[in-house]
Amino acid sequence: GENVEQHPSTLSVQEGDSAVIKCTYSDSASNYFPWYKQELGKRPQLIIDIRSNVGEKKDQRIAVTLNKTAKHFSLHITETQPEDSAVYFCAASIDNFNKFYFGSGTKLNVKP
Amino acid sequence: NAGVTQTPKFQVLKTGQSMTLQCAQDMNHEYMSWYRQDPGMGLRLIHYSVGAGITDQGEVPNGYNVSRSTTEDFPLRLLSAAPSQTSVYFCASSYSGTAYEQYFGPGTRLTVT
């Protein structure tokens, strides 16, 4: 099956700085890559996703990039704010196939 | 819409006891899944369903059973609880076809002593 690795496990940045979280996947058939944000004690919520026919996608301060050849994708958060502090998970899935494989998570701490 | 609901929110079981975690969604989603979340390990897929009457195993199915008799409900049964099943359990649902956003329930925190 698919194996998704996520780095770093913890990330501490100063408010206003950028944060980058990286994931790699093993199954070249995976073609859908969502990112979830989970606040303490809450459920994961989708923040951005990308499909394999796209190299980059942006939504305000959040962007995701995908390198299919290298099988890695990254989450970029610019101008970080304290409310960005949470655990972020990447995931990989094959279209039309309801099996999502998650990375182990990155705890982001944004210091005011 | 209530979205995805789960009951109970918290549960303590003794080793060997059985119980059912309930999950329901009111969005007419075909796909439903169960995950467990352990510290440092992300979310791992236990079982999933692509529609009423159809279920399949995920990464960590041992010790769990599921059934899907209706589109709305997808209960997860622990047959004989073990301390290794102490975890937070999330149910999720999504539309079928091209992968869509998964909506997660609020979770059930289970402790097995």
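Here the structure is shown first, and the text comes after it.
Residues numbered from 1 in each chain as written. Chains lettered and ligands numbered in written order. Predicted model: local features only at pLDDT ≥ 70, side-chain atom pairs only at ≥ 80, totals over all residues. Heavy atoms only, no water.

Along the backbone of chain B there are zero helices and 11 strands. Counting from the amino terminus, chain B carries its helices and strands in the arrangement β-β-β-β-β-β-β-β-β-β-β. Its C-alpha atoms give chain B a radius of gyration of 13 Å, near enough to 13 Å, the size a compact globule of 113 residues would have. The principal-axis extent of the C-alpha atoms belonging to chain B is close to 40 × 25 × 25 Å. Within chain B, buried positions represent 47% of all 113 residues. Of the roughly 5,100 Å² of accessible surface on chain B, a fraction of 50% belongs to carbon and sulfur atoms. Seen as two clouds, the 7 positive and the 8 negative side-chain charges of chain B have centres 13 Å apart. (Helix = DSSP H or I, 4+ residues; strand = E, 2+ residues; numbered from the N terminus. Rg over C-alpha atoms; globule rule 2.2 N^0.38 Å. Buried < 20%, exposed > 50% of the residue type's maximum accessible area, 1.4 Å probe, protein only. Areas by Shrake-Rupley, 256 points an atom, 1.4 Å probe, with all protein chains shown as cover. Lys, Arg positive; Asp, Glu negative; His and termini not counted. Charge placed at Lys NZ, Arg CZ, Asp CG, Glu CD.)

A separate point is the state of the cysteines. Residues and elements named next belong to chain B. One pass over the structure, following the stated rule, counts two disulfides over all chains. Cys-23 shares a disulfide with Cys-91; S-S distance 1.9 Å. Around the S-S axis, the bridge from Cys-23 to Cys-91 shows a dihedral of about -70° and counts as left-handed. Here Cys-91 lies in strand S9 (residues 87–94) and Cys-23 lies in strand S3 (residues 19–25), a separation of 68 residues in the sequence. Using a relative accessible area of 1% as the deciding quantity, one classes Cys-23 as buried. (Disulfide = S-S within 2.5 Å.)

A few words now on the sheet that holds strand S1 (residues 4–7) of chain B. Residue and element names in this part refer to chain B. Sheet architecture is open: four strands sit in the order S1-S3-S8-S7, paired in antiparallel fashion. Lying at the two open borders of the sheet, with one neighbouring strand each, are S1 and strand S7 (64–66). The sheet shows a mean angle of 20° between the axes of neighbouring strands, taken without regard to direction. By the bridge criterion, three bridges tie S7 to strand S8 (residues 76–78) in an arrangement that is antiparallel. For Val-66, the partnering residue across the bridge sits in S8 and is Leu-76. (Pairing = 2+ DSSP bridges. Axes fitted to C-alpha atoms, helices over the stretch in contact; angles between N-to-C directions.)

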